[in-house]
Amino acid sequence: MAIVDANLNFVVIDVGSYGREGDSNVFKECAFGKQLYEGKLNIPEPVTLPNTSTNPQPYVFIGDEAFALHANLLRPYPGRNLTDSRRVFNYRLSRARRTVECAFGVLANKWRVLHTAIQVEPDFTDDIIKACCVLHNFVRKRDGINYEDSETHNLEDIEARGTGTRSHGVEVRDYFANYFMGPGAVDFQYDMI
């Protein structure tokens, strides 16, 4: 579960819940959800929208049908027989929710380990997902929508190693260590699964 900004960066993530648990229950139990429902998030006071002078509107997060309605959490109107205005509202809300869907799509396409079942212990899987989200934000902030940097850099300093048909380890040497963390940085390991 994640909260994403307009630039497709992950602001808050909650990793480790089982897929069979409902989104609403996961959200209620995560630290962010608890703080939202207890009113401890320091969300700004409602403000009037541009070109209006009355009826201040609250700042809101957008969820899907699984979430419970809250003063700061919008969800679509349920049901099929909706009025035209409710159908338009649901359409516009779904367009806003696409930002989160796009962020997950960019994340999964950037880190292909997320395209298949990750064959490691559950706790380590959580660490992999968290690392992918952090790296996703790093790349988004560094490159934005311009990925020329990562396409044009010469990767000849990378030594491929590993055995087996499924995983190929790549040890990241001076190139990435110097590029991302500066000279003298500690080497780290990146495994493509």
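As a reminder, the structure under discussion sits directly above these lines.
The structure presented is a predicted model; accordingly, all values stated were derived computationally and were not measured. (Residues numbered from 1 in each chain as written. Predicted model: local features only at pLDDT ≥ 70, side-chain atom pairs only at ≥ 80, totals over all residues. Heavy atoms only, no water.)

**Student:** Would you explain the state of the cysteines in this entry?
**Tutor:** In a disulfide, the sulfur atoms of two cysteines are covalently bonded to one another. Tallying each qualifying case throughout the model produces zero disulfides. Free cysteine Cys-132: the closest other cysteine sulfur is in Cys-133, separated by 7.0 Å. (Disulfide = S-S within 2.5 Å.)

**Student:** Looking at this structure, how should I read the packing of aromatic side chains?
**Tutor:** Aromatic rings in a pair are described by how distant their centres are and how their planes are angled relative to each other. Enumeration over the complete set of coordinates arrives at six aromatic pairs. Ring centres of Phe-10 and Phe-104 lie 5.4 Å apart, and the angle between their planes is 65 degrees; on these two criteria the pair is classed as edge-to-face. Of this pair, Phe-10 sits in strand β2 (residues 10-13) while Phe-104 is found in helix α3 (residues 84-110), placing the two residues 94 residues apart along the sequence. Here Phe-104 falls in the partly exposed class, since its relative accessible area comes to 33%. Each member of the aromatic cluster is reached from another via a ring pair, and the members are Phe-27, Phe-32, Tyr-37, Phe-61 and Phe-67. (Phe/Tyr/Trp six-rings, centres within 6.5 Å; stacked < 30°, edge-to-face > 60°. Helix = DSSP H or I, 4+ residues; strand = E, 2+ residues; numbered from the N terminus. Buried < 20%, exposed > 50% of the residue type's maximum accessible area, 1.4 Å probe, protein only.)

**Student:** Before we go on, may I ask you to explain the pairing of β2 in this structure?
**Tutor:** Each regular strand displays side chains that alternate between the two surfaces of the sheet. Pairing of strand β1 (residues 2-4) with β2 involves three bridges; the strand directions are antiparallel. Looking at the pairing, Ile-3 lines up with Val-12 of β2. Connecting the antiparallel pair β1 and β2 is a turn made up of five residues, with Leu-8 showing a positive phi of about 65 degrees. (Pairing = 2+ DSSP bridges.)

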